[in-house]
Amino acid sequence: MIEIKNVTKAYDKAVVVDGVTLQIPAGGITSIIGPNGAGKSTLLSMISRLLPMNGGQVLVDGLDVTTTAGDVLARRLSILRQDNHIGSRLTVRDLVTFGRYPYSKGRPTVEDLKHVRMALQYLNLESMSERFLDELSGGQRQRAFVAMVLCQDTDYVLMDEPLNNLDMKHAVAMMKILRRAADELHKTIVLVLHDVNFASCYSDYIVAMKDGKIACHGSPYDIINANVMCNVYEIDVAVQDIDGKRIAIYYT
Amino acid sequence: MSLDTFLSSSSTTTKRPRRLTFSRPAKRLFFLGLLVAGVITLFMTLNSRGNWDFVIPFRGTKILALVLVSYAVAVSTVLFQTVSGNRILAPSIMGFDALYVLIQTVLVFALGAHAASTLNPQLRFVMEVAIMVLFAGLLYRWLFGGTRRSLHLLLLVGIIFGVLFRSTAGMMQRLIDPNEFAVLQDMLFASFNSFDRNLLWVSAALIVGGSVVLWRIGHTFDILALGRETAVNLGLNFQRTVTIILIVIAIFVSVSTALVGPVTFFGLLVANLAYQVAGTYKHRWILPFAVGLSILFLVGGQMVVESLFSFNTSLSIVVEFLGGIVFIVLLIRGVGR
Ligand SMILES: Nc1ncnc2c1ncn2[C@@H]1O[C@H](COP(=O)(O)OP(=O)(O)OP(=O)(O)O)[C@@H](O)[C@H]1O
Ligand SMILES: [Mg+2]
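Residues numbered from 1 in each chain as written. Chains lettered and ligands numbered in written order. Predicted model: local features only at pLDDT ≥ 70, side-chain atom pairs only at ≥ 80, totals over all residues. Heavy atoms only, no water.

Caption draft 1: Seen up close, the overall build of chain B. Regarding its fold elements, chain B presents 15 helices and zero strands. Of all 337 residues assigned to chain B, the portion counted as buried reaches 52%. Surface summary for chain B: the accessible area is close to 15,800 Å², and the carbon and sulfur share equals 67%. (Helix = DSSP H or I, 4+ residues; strand = E, 2+ residues; numbered from the N terminus. Buried < 20%, exposed > 50% of the residue type's maximum accessible area, 1.4 Å probe, protein only. Areas by Shrake-Rupley, 256 points an atom, 1.4 Å probe, with all protein chains shown as cover.)

As structure tokens, this is what we get:
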């Protein structure tokens, strides 16, 4: 379980995450939705100790993320960031192999290489594993970064907009991979999603954020409705039940 | 159930031939090693006229100094670029060597020239290095320990630090009694032609010590190059690792500055060339390539300076000229991108 207790982040005087308290249950997919600038990425960065917080505490399986040793946490929690830029000129395989660093410390074993191969295979990257990252399309690169995070094989996986740049086919494939990882491996997956319909169809739990605060949280059924959507996004949204899933229609 | 059983349940594994990833850099490194051995042999034997009793110790110490400086400059520049996340900066551009010169000056100023000149030179050197580590550690850790800063800001800070340290040192040098200044001059005007032989063995010891430390954290270099966030995600104690590396860089810069004086752009030349020639991002290759190229240039260059220009020009002018051109090319290319 991830326990977020009264977490606050401010830049100068601007409070961007404002006393957020939330419990993310172990196992299953939790999606965070909300408009641009709501503080989703900031919250995720603080949970994963990439960003220091101004106040509050985050516990992952009871471990305080600011005081627990980095390498202990790296075997328990991994994060995919919203924008990934790497200075070195790496191949896809090199990048994915770095995902094993918490275990291999730079000397990948046969076991580690097996993980790398599997992750490549799973994200359909085998044919481009020797290509350089800067020679890939945006979606291919995104899949390479996801493969690296999966390769880290942690119980908690945080992903900031994993569907960035992905086409319909790969977006659905990605959500299915994550769903299976949650169901079969009992991983705890926290996603930031902009497509509320993906959130609706694949999550166990949805958290809606607005202006640095949690606007509301609950099951997809509770959150995806015209009222809440209108509140959070400030546009008119029609919500329909299609095949037992709540689908928001907001294109016109 | 772990990830691999999960994954293998969904697709069958295909066998692929094992790649021979390292054959190319290894071959090139071997070739570079041969060149380095060749140039060193040539340096030791050229025009020796059979005076081996004189030539071997004389040129041997010279080679040792050149190798130490090559190593210090190459390793410190490559690691500095890794820590700062770009290929345009070098410790000297950020004012490291200017800081060391300032420390040398302040020490003479504070102790008085008489005391400074009677003080055991090795002891004085170690004192200077200790102060350097302290100040550089504090100053540069603040710059590089947190989130990555923009290149523009770093360049600007580097220029300001450099000018500040240099002009403060210059002012103090003017305040010192002209007679006493002669003592300082000896120290400050170390060059490739007249390096400080007293400090050779202390320097070697410091370099070996620093290298042992680096060896032990060597596996973190490639991870650091991925940037702070990715490194932290992979479990690196970023702040601590960066601090250790900056301390070793401070030691290495002190060693090279004490032996031959400030060298500003040379590190940039060898680091960038190493990346080009090695064709890999892995530090376990880049570092030996940079050191090899550095030795090749300095020893080869010194030989050319001695035989062609008969000491009339300084090696530092030659290598700085080349390095400066590389710096300008990098800046122009960086702006274009
Ligand atoms: N380094 C920073 N300095 C100042 N303000 C910042 C900084 N980083 C983020 N912010 C501000 O914090 C707020 C929250 O940013 P955050 O990236 O968490 O939003 P988000 O919910 O992820 O938005 P998006 O959907 O666009 O990714 C924004 O208003 C942003 O301008
Ligand atoms: Mg965001």
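Caption draft 2: Up close: the sheet that holds strand β3 (residues 28–33) of chain A. All names here are of chain A. The strand order across the open sheet formed by six strands is β6-β7-β8-β3-β9-β10, and the pairing between neighbours is mixed. Each end of this open sheet is capped by a strand with a single partner; those strands are β6 (77–80) and β10 (213–218). Direction aside, the axes of adjacent strands within the sheet are offset by 15° on average. Two strands pair when backbone bridges link them, and β3 and strand β9 (residues 205–210) are joined in this way by four bridges, in the parallel orientation. In the sheet register, Ser-31 faces β9, and the bridge partner there is Ile-206. Helix-sheet contacts for helix α1 (residues 40–47) involve β3, β6, β7 (156–160), β8 (188–192) and β9, and the interaxial angle to β7 is about 150°. (Pairing = 2+ DSSP bridges. Axes fitted to C-alpha atoms, helices over the stretch in contact; angles between N-to-C directions. Contact = heavy atoms within 4.5 Å.)

Caption draft 3: How the structure looks around the coordination of the magnesium ion (ligand 2). Residue and element names in this part refer to chain A. The protein atoms that coordinate the magnesium ion (ligand 2) are Ser-41 (OG) and Gln-82 (OE1), at distances spanning 1.9 to 2.1 Å. With Ser-41 in helix α1 and Gln-82 in the loop between β6 and α3 (92–98), this residue pair connects regions lying 41 residues apart in the sequence. Accessibility expressed as a relative area gives 23% for Ser-41, which makes it partly exposed. (Donors = N, O, S within 2.8 Å, 3.2 Å for Na, K, Ca; no water.)

Caption draft 4: The arrangement of the pairing of β6(A) in detail. Residue and element names in this part refer to chain A. Neither face of β6 is left uncovered, since the one carrying Leu-77 and Ile-79 and the one carrying Ser-78 and Leu-80 both have all their residues buried. Looking at chain direction, β6 and β7 are connected through four bridges and run parallel. Across the sheet, residue Ser-78 finds its bridge partner in β7, namely Val-157.

Caption draft 5: Representation of the environment of A:Val116. Along the chain, the position of A:Val116 falls in helix α5 (residues 110–122). Discounting chain neighbours no more than four positions away, the residues touching A:Val116 are A:Arg93, A:Val96, A:Thr97, A:Arg100 and A:Cys151.

Caption draft 6: Fine view of the sheet that holds strand β5 (residues 63–64) of chain A. All names here are of chain A. Read from one edge to the other, the open sheet built from four strands follows the order β2-β1-β4-β5, with strand pairing classed as antiparallel. Edge strands, defined here as strands with exactly one partner in the open sheet, are β2 (14–24) and β5. Across the sheet, α1 touches β1 (2–11), β2 and β4 (55–60), and the angle it forms with β1 is around 120°.

Caption draft 7: Spotlight on the packing of helix α13 (residues 266–278) of chain B against helix α14 (residues 283–307) of chain B. Residue and element names in this part refer to chain B. With their axes 8 Å apart at the nearest point, α13 and α14 run at an angle of 125° to one another. Taken as axis vectors, α13 and α14 run oblique relative to one another. In terms of crossing hand, the pair formed by α13 and α14 is right-handed. Together, Phe-266, Leu-269, Val-270, Leu-273, Ala-274, Tyr-275, Val-277 and Ala-278 of α13 and His-283, Ile-286, Phe-289, Ala-290, Leu-293, Ser-294, Phe-297 and Leu-298 of α14 make up the contact between the two elements. (Parallel < 35°, antiparallel > 145°, perpendicular 65-115°, else oblique. Left-handed = near helix turned anticlockwise from the far one by under 90°.)

Caption draft 8: Summary view of the packing of aromatic side chains. Using the criterion set out here, one finds seven aromatic pairs over all chains in the structure. Measuring from ring centre to ring centre gives 6.0 Å for A:Phe198 and A:Tyr202, while their planes differ by 35°; the resulting arrangement is tilted. Residue A:Phe198 and its partner A:Tyr202 are located together in helix α8 (residues 196–202), separated by four residues, close to a single helical turn. Under the relative-accessibility criterion, A:Phe198 is labelled buried at 16%. With a centroid separation of 5.7 Å and an interplanar angle of 80°, the aromatic rings of B:Phe80 and B:Phe96 are classed as edge-to-face. Here B:Phe80 is found in helix α3 (residues 52–84), whereas its partner B:Phe96 is found in helix α4 (residues 96–111), with 16 residues between them in sequence. The pair formed by B:Phe80 and B:Phe96 is uniform in burial state, with each residue classed as buried. Its end group placed over the ring of B:Tyr275, B:Arg87 keeps NZ or CZ at 3.6 Å from the ring centre. (Phe/Tyr/Trp six-rings, centres within 6.5 Å; stacked < 30°, edge-to-face > 60°. Lys NZ or Arg CZ within 6 Å of the ring centre and 35° of its normal.)

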